[in-house]
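Overview (structure and organization)
This is what each chain is made of:
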Amino acid sequence: MRPSFAFLLFSLLIPTLPAAGAPREETLFLFENRKVVVGLPEGFNLERGRETAGVFTIGIADASGRVSGEIRFLPDAELRFLQSRPRKELMNEMFNEYVAASTEQAMQFEELEPRTGAGTYCVFTDARLVGKSPLPAGEYLHLTVGLKAWPGVVAIFRVFSQDTQSREYKAVLTLLRESLEERAVPLK
């Protein structure tokens, strides 16, 4: 899949630092005094985005460039996206454009089964890149898209990867399942 121009521009802002030692937690202050902790896998970098019109964005990438992605956080005061059907409907609206260029030719929804909240994702394989080696610079064979929701917040993610079996890819799925936890902000 080819990342959008906006994503490519955003990914250029991600520093190419050497791999870090141990996994670390990053704390993000979202909106309405909400605080989210991201368990960043070893060897990954995080770039904090800006909040624009209630949307807070982060970028993640591994040092090798095999996996990169973005996560956008939005308020969900009505708790709509804790339910499966609204998640799938929003995913269809946001990501249906990738279906025609994929080998899957459909959105094959899978439940994320997060530790907290609920989530759904699907994987697209770029039909143009199947069997090509090496892959063209800046292009990814797979695009994983989805939503993770918990009371009051929905996280929308896009992950670009060269495969779906690597340690790096599995680390991002673990981040999505077991991380992105909201922690209460102490009252002052």
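In the block above lies the structure referred to throughout.
Right, let's walk through the structure included here. Note that this is a predicted model, so its numbers are computed, not measured.

All right, on to the sheet that holds strand β8 (residues 142-150) then. Pairing within the open sheet is antiparallel, and its 7 strands lie in the order β3-β4-β5-β9-β8-β7-β6. Whereas interior strands pair on both sides, the edge strands pair on one side only; in this sheet they are β3 (44-52) and β6 (110-111). Bridge analysis of strand β7 (residues 118-125) against β8 gives 8 bridges, and the strand direction is antiparallel. Note that in β8 the partner of V123 across the bridge is T144. Along the sheet, helix α2 (residues 84-95) makes contact with β5 (67-76), β6, β7, β8 and β9 (152-161), crossing β7 at roughly 35°.

What follows deals with the packing of aromatic side chains. One pair of aromatic rings is described through two measures. These are the centre distance and the angle between the planes. Within the structure shown, the criterion is met by 4 aromatic pairs. Seen from their ring centres, F56 and F73 are 6.5 Å apart, and the 40° between their planes marks the pair as tilted. You can see F56 sitting in strand β4 (residues 55-62) and its partner F73 sitting in strand β5, a full 17 residues away along the chain. The exposure classification of F56 matches that of F73, with both residues buried.

Moving on: the pattern of salt bridges. Taken as a whole, this structure holds 10 salt bridges when the rule is applied. With a closest N to O distance of 2.7 Å, E26 and R48 form a salt bridge. Here R48 lies in strand β3 and E26 lies in strand β1 (residues 24-29), a separation of 22 residues in the sequence. Residue classification places R48 among the partly exposed positions, given a relative accessible area of 40%.

Moving on: the nonpolar core. The nonpolar side chains of a soluble globular protein tend to be buried with one another. With 29 residues, the main nonpolar core has L30, V38, I58, I71, F73, L176 and L180 as its most contacted residues. Secondary structure elements with two or more residues in this core: β2 (35-40), β3, β4, β5, β7, β9 and α3 (167-178). Of the residues forming this core, the biggest block, 6 residues, is contributed by α3. With residues near it in sequence (within four places) discarded, I71 still touches F56, T57, I58, A155, I156, F157, L175, L176 and L180. Counting 17 residues, the second-largest nonpolar core is a separate cluster that includes F81, L90, Y98 and F124.

Here we take up the side chain of D62. By the secondary structure assignment, D62 is in strand β4. At 5.5 Å, R66 is the nearest oppositely charged side chain to D62, a buried residue that forms no salt bridge. When sequence neighbours within four positions are dropped, the list of residues in contact with D62 reads G43, F44, V67 and E168.

Calculation criteria
Residues numbered from 1 in each chain as written. Predicted model: local features only at pLDDT ≥ 70, side-chain atom pairs only at ≥ 80, totals over all residues. Heavy atoms only, no water. Pairing = 2+ DSSP bridges. Helix = DSSP H or I, 4+ residues; strand = E, 2+ residues; numbered from the N terminus. Contact = heavy atoms within 4.5 Å. Axes fitted to C-alpha atoms, helices over the stretch in contact; angles between N-to-C directions. Phe/Tyr/Trp six-rings, centres within 6.5 Å; stacked < 30°, edge-to-face > 60°. Buried < 20%, exposed > 50% of the residue type's maximum accessible area, 1.4 Å probe, protein only. Salt bridge = Lys/Arg side-chain N within 4 Å of Asp/Glu carboxyl O. Core = buried A, V, L, I, M, F, W, Y, C linked by side-chain atoms within 4.5 Å. Lys, Arg positive; Asp, Glu negative; His and termini not counted.

None of the figures reported here should be taken as evidence of function without further support.
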